[in-house]
Amino acid sequence: MLEHVYHEYLKHYAEEMKTEVLLMNETEIIIALDEDEEDTDFEKVKTFIKTVKELDNALTQVAMVTSMNRKEAWGLLQQYENLAREVGMTTTEVADLSIYFFRQGRSAEDAMRMTEVAAKAAKVAAIDATESANYLTSAINGFGLAASEAESVADKFAALGAASASSYEELAKAMSKVAPAARVAGIDIDHMMGFLAKGIETTRDAPENIGTAFKTIFSRMRELKDIGKTMEDGMDVNRVEKALGTIGVALRDSNGQFRDLQDVINEVGGNWDGLTRNQQAYIATTLAGTRQQARLLALFQDYDRTLELVRESQSAAGAMAVQHSEYMDGMAASVALLSNAWQEF
């Protein structure tokens, strides 16, 4: 396979190079390069050989982690080249990124879809592509979403990063700490996005601390409701129910079943401005415990702003595409495209 690629390259550049290197076979080229030939034409071939080997390594990895053979893996090359031009990365970078998703056992279609989203998100957020893939996977898996919803998730991070005093990376990092716990607690992804954005912009605490705080709060409520555990601070489900009852919020529905925490939080937030400071502190401590009280208070203060951020997440479709388009108009993308052009043969 490599020999065929070398020959295609030499044929493609025959008119441009016009040197005796065109008459050499693969072995002779490598020998010449080992002699540190400084001729520009040899440098072109040297760069090309390095690129092909990197691509071959990436595509070999694809074959190893899937049911594809090497020929089938190399058959993805055109897709990688097209995607590289679209997202502003090199072909090798795109191929390497796809391996991350192939390792998850995803189909080629899903792996390529998520590769595209993760690559664009990396540029929008100015983060490493692997980090982007990690954050995307955490959110997708945490909320039990399909690969087809990956772009929607990235849209939400991008939109809220622009609409709040947070960023794509901060929101994604916080979400990676709390997504599974939020799902179990009955919090949908849009509300969780809004909760995190509000917590980050209000406290300016580290995003991982905000995510972990909500995870702790949700876990606390699960232990109180589902297990009937009495917490270290003496709090139990009856005391929580009594505390919420003092402000007209029910912990259970008419059938005696515990309500989703999202509904409870929204009702508490809707009543918040009518509570005294002592009531607010009492409710926050009851739900969150002493250690996380301040972060829950940050969520409830100006709850209209929290709901505004939730709505921003709900209407985020297309946000990443707009921001990525702006990136592609910039210098960084131009450099990446120039590098990618060299890889196309």
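Criteria and thresholds
Residues numbered from 1 in each chain as written. Predicted model: local features only at pLDDT ≥ 70, side-chain atom pairs only at ≥ 80, totals over all residues. Heavy atoms only, no water. Helix = DSSP H or I, 4+ residues; strand = E, 2+ residues; numbered from the N terminus. Buried < 20%, exposed > 50% of the residue type's maximum accessible area, 1.4 Å probe, protein only. Contact = heavy atoms within 4.5 Å. Areas by Shrake-Rupley, 256 points an atom, 1.4 Å probe, with all protein chains shown as cover. Expected span 1.5 Å × (residues − 1). Salt bridge = Lys/Arg side-chain N within 4 Å of Asp/Glu carboxyl O. Core = buried A, V, L, I, M, F, W, Y, C linked by side-chain atoms within 4.5 Å.

K.L.:
I'd like a rundown of the overall build of the protein, residues and numbers included.
P.N.:
Helices and strands together make up the secondary structure of the protein, namely 19 helices and zero strands. Every one of the 345 residues in the protein was classed for burial, and the buried ones make up 48%. The contacts of the protein with a sequence gap of at least 6 include a subset with a gap of at least 24, amounting to 64%. Of the roughly 16,300 Å² of accessible surface on the protein, 47% is carried by carbon and sulfur atoms.

K.L.:
Could you give an account of helix α10 (residues 150-163), with specific residues and numbers?
P.N.:
The end-to-end C-alpha distance of α10, which contains 14 residues, comes to 20 Å, matching closely the 20 Å that a straight helix rising 1.5 Å per residue would cover. Within α10, 10 of the 14 residues are buried, leaving the element largely enclosed by the surrounding structure. Here α10 has its buried residues at Ala150, Val153, Ala154, Asp155, Lys156, Phe157, Ala158, Ala159, Leu160 and Gly161. Those residues of α10 that are buried lie in contact with α8 (108-125), α9 (129-142), α11 (168-185), α12 (189-203), α17 (303-314) and α18 (319-328).

K.L.:
Please give an account of the pattern of salt bridges that cites residues and values.
P.N.:
Oppositely charged side chains are able to pair whenever their charged atoms sit close together. Applying the stated criterion to the full structure yields 12 salt bridges. For Asp190, the salt bridge is made with Lys156, and the minimal N-O distance between the two is 2.7 Å. With Asp190 in helix α12 and Lys156 in helix α10, this residue pair connects regions lying 34 residues apart in the sequence. Judged on exposure class, the residue Asp190 and its partner Lys156 are both buried. Across the salt bridge formed by Glu267 and Arg259, the nearest N and O atoms sit 2.6 Å from each other. In this structure, a network of salt bridges that share partners links the residues Glu86, Glu116 and Lys120.

K.L.:
Run through unusual backbone geometry, naming residues and quoting values.
P.N.:
Of note, the phi angle at Ala126 is positive, near 55°, even though the residue is not glycine. Within the chain, Arg204 stands out as a residue other than glycine whose phi angle is a positive 55°. Note that Arg204 resides in the loop between α12 and α13 (207-227). Arg204 sits in the partly exposed class, given a relative accessible area of 46%.

K.L.:
Please set out the nonpolar core residue by residue, giving values where relevant.
P.N.:
Counting residues in hydrophobic clusters, the biggest one holds 99 residues, and the most contacted among them are Met175, Met192 and Phe218. For this core, the leading source of residues is α11, giving 10 residues. Beyond its immediate sequence surroundings of up to four residues, Met192 is in contact with Phe143, Met175, Val178, Ala182, Ile187, Phe214 and Phe218.

K.L.:
Got a sec to walk through the side chain of Asp190? Specific residues and values, please.
P.N.:
Given the relative accessible area of 14%, Asp190 is considered buried. Setting aside anything within four residues of it in sequence, one finds Asp190 in contact with Lys156, Val310, Ser313 and Gln314.

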